[in-house]
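# Structural overview
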2 protein chains.
Amino acid sequence: MNVYGLATPAVLIDRPRALRNIDRMQAAADARGVRLRPHTKTHKSPMVARWQIERGAIGICCAKLGEAEVFAASGFDDIRLPYPINPANADRVIALLDRTRLSFSIDHPVVAKQWSDVMVRAGKRVELLVKIDVGFHRCGLDPDARDTVATIREIAGLPGLDFRGLLSHAGQTYHAHSEDELRLMAEAEVRTMSDLAAWCRAKGLAVDEISLGATPPARFSLHHEGFTEYRPGNYAYFDRTQVALGAATLDDCALTVLARVVSKPAANRIILDSGSKTLTNDGARGFTPAPGYGIILRDGHPDQTLLIERLSEEHATVTATTGTTPLEPGDCVRIIPNHSCVVSNLVDQAWLVDGDSVEPLPIAARGRIT
Amino acid sequence: MNVYGLATPAVLIDRPRALRNIDRMQAAADARGVRLRPHTKTHKSPMVARWQIERGAIGICCAKLGEAEVFAASGFDDIRLPYPINPANADRVIALLDRTRLSFSIDHPVVAKQWSDVMVRAGKRVELLVKIDVGFHRCGLDPDARDTVATIREIAGLPGLDFRGLLSHAGQTYHAHSEDELRLMAEAEVRTMSDLAAWCRAKGLAVDEISLGATPPARFSLHHEGFTEYRPGNYAYFDRTQVALGAATLDDCALTVLARVVSKPAANRIILDSGSKTLTNDGARGFTPAPGYGIILRDGHPDQTLLIERLSEEHATVTATTGTTPLEPGDCVRIIPNHSCVVSNLVDQAWLVDGDSVEPLPIAARGRIT
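Residues numbered from 1 in each chain as written. Chains lettered and ligands numbered in written order. Predicted model: local features only at pLDDT ≥ 70, side-chain atom pairs only at ≥ 80, totals over all residues. Heavy atoms only, no water.

This next bit is on the relation of the copies chain B and chain A. The transformation that overlays chain B on chain A combines an axial shift of 0.0 Å with a rotation of 180°, and the residual RMSD is 0.0 Å. In the structure described here, the two chain copies are related by an operation that fits a two-fold rotation axis. Taking the C-alpha atom as reference, chain B places B:Asn281 closest to the rotation axis, 2.9 Å from it. In this assembly, 100% of the residues forming the interface of chain B have copies in chain A that are likewise at the interface, indicating an isologous arrangement. (Least-squares fit on C-alpha atoms with pLDDT ≥ 70 in both. Contact = heavy atoms within 4.5 Å.)

Residue and element names in this part refer to chain A. An order of 2-9-8-7-6-5-4-3 is seen for the eight strands of this open sheet, with the pairing classed as parallel. Two strands bound the open sheet, and with one partner strand each, they are strand 2 (35-36) and strand 3 (60-61). The sheet contact formed by strand 6 (residues 126-131) and strand 7 (residues 161-167) spans six bridges and is parallel. Each bridged residue has a counterpart across the sheet, and for Lys131 the counterpart in strand 7 is Leu167. (Pairing = 2+ DSSP bridges. Helix = DSSP H or I, 4+ residues; strand = E, 2+ residues; numbered from the N terminus.)

Quick look at the side chain of B:Asp303 now. Residue and element names in this part refer to chain B. Checked against the element boundaries, Asp303 lands in the loop between strand 13 (301-302) and strand 14 (306-311). At a separation of 3.0 Å, a polar atom in the side chain of Asp303 contacts the side chain of Arg298. The contacts of Asp303, once residues within four sequence positions are left out, are Ile296 and Arg298. (Polar contact = N/O pair within 3.5 Å; in protein donor to acceptor, adjacent residues only side chain to side chain.)

Now for the packing of aromatic side chains. Enumeration over the complete set of coordinates arrives at six aromatic pairs over all chains. Ring geometry for A:Phe71 versus A:Phe76: centroids 5.4 Å apart, planes at 75°, classification edge-to-face. For the pair formed by A:Phe71 and A:Phe76, the shared burial category is buried. Just above the ring of A:Phe227 sits the side chain of A:Arg32; from NZ or CZ to the centre is 5.3 Å. Sitting over the face of the ring of B:Phe136, A:Arg310 holds its NZ or CZ atom 4.0 Å from the ring centroid. (Phe/Tyr/Trp six-rings, centres within 6.5 Å; stacked < 30°, edge-to-face > 60°. Buried < 20%, exposed > 50% of the residue type's maximum accessible area, 1.4 Å probe, protein only. Lys NZ or Arg CZ within 6 Å of the ring centre and 35° of its normal.)

Between chain B and chain A, the contact holds 58 residues from the first and 58 residues from the second. The largest contributions to the chain B side of the interface with chain A come from B:Arg138, B:Lys277 and B:Ile369, which together make up 14% of the buried area. On the surface where chain B and chain A come into contact, there are eight salt bridges. Among the salt bridges present, the one from B:Lys41 reaches A:Glu313, with a minimum N-O distance of 2.9 Å. Summed over the shared surface of chain B and chain A, the result is 29 residue pairs in polar contact (both at pLDDT 80 or more). (Buried area = accessible area lost by both parts, 1.4 Å probe. Salt bridge = Lys/Arg side-chain N within 4 Å of Asp/Glu carboxyl O.)

Shown next as structure tokens:
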């Protein structure tokens, strides 16, 4: 089967590119002696996660318990949730502990105490890492606050909890304005985390793990000492944002959306059948944010004259900036989306493409929001 | 079961509100003698579509063939696709013609000729409406172009195609800056479509249907003569955008997202477990666009001091604009999203809430992108 025989829009995964991306990140982590634990949020696929494990990853990350349940059912036996799981989900966590090695992050002493109570009552123990805010200002303890080490010690000392160490995510790197700023953010994260671990150790606390992770700073972070684990996710597929952040080239992008021209109401305007239900309204990011909702490839090459100007749910309105386009209804293009993770979440199945081979790739953990 | 026993985030549909919304739109259409054909894109649920049919809707709209396949399998026997279905999908259209009355829109003479060839070869006929661009500049023939009536006649005369009439969607109303501008857009659509139908009839063409439809202009359009069918979708649930466009009140909004506080890293910042995988990154629209990704309700009332400032895939970063919030980890809130249709598309199942009753509402046509 040829990709052009697929119903459109279709999400295509270029297998050789994905494998090359996985190999490269694994090699970079191996070279530094850092354990790689990929975040599965990007592919949500046990098949792709197995490629990562086979190449040396020591386990996986999931975003939510629902994803962990899918991966545990697929046989993954070491799953980390870098997410502040709430004790309202105690029953599901306890059930998962019987099926897989599970750890998650905590950033609030009251929540930690609640989990401790849950575990003591259930006669179980769970591994946890304390989340540190290294500048994204989402979750995490403030590493500069006076009482942070005391809070970490308080959490680590609670019964039923096995404190493993510290965890961070430098999400602010997605908003870097330049390569230099991104590098400085990466270095600051490593320094902040290794310094904080040193302070904890000086107070007598064993910090076995220092876990960092994000795709944009990986190329800098993995040249430094001071952490034990790295948790990138997007690198398996990459996307337009990663290219715009210098983390990948267009030729590294493994996920594309195959879309079809369904209307040509004017010489300079075509309508594709891939709207926000396929590409999402996630905007472009990067050092010099480009307009539009992805890069259109024609015969494998970016056509910079075609701007995906507006998305409706089922339509992409594309403007030919030169005033005309040879594309006609029925023609197909491929699109590198702004953000690949969110595209994976929209389809039950993608297609794995390798030369002329096209095979279904079920996205088993799609839509597991709880 | 109480909603607060649900795993979060959860999509809740208030049944009494949805039924009241459906009743009101039906009454408005009935009062004008216009046939109501709701677009199912908002709920993607055969159960909700059945409520609409039971209350007088003459059929439904779907966005894509995949949705039509779901609704046809659920017994819906009159389905219209206001979308330029491409002949690449000929096999699926022919299969559907055996199961339901199917019609779709066309806006390109070459595509029309291809469909004509398909139908003649298959020994079938399909109903179609010609799409007219009434100002959104997405799909549709330009009603002011000199050759438009000739193009419509050419399409209408093709073998295998049963020309039913003209169809429009005033998507530009979502971008109106004031009530007056919205009303003028609504009136312009009615005038454009009825004038064009008159010109077609003057050229000897039977125009049985003039089909308009969108929720924002409905309250104006349904006071005018000159069309036969109305196809609103969002009105079943409404959302923050419709409130901001004057089409609904907050008390009409039937879809909310139940979300839980999972972190409180600072006195003025809480993190909810509903990110862009639940709320989407669709921004606010309306006459005076408000920032943020939805309205947070506490105990049923909007808390204007809580701003959903940023969405990650699994986190909403909420700022308390007064500098503090009493919400703590574990607490639940409800969110009226910016755009309800896209929320329905993200979950396999919502929850139908009626007083203390909470029942699953399967979203059977979710994710049918092709």
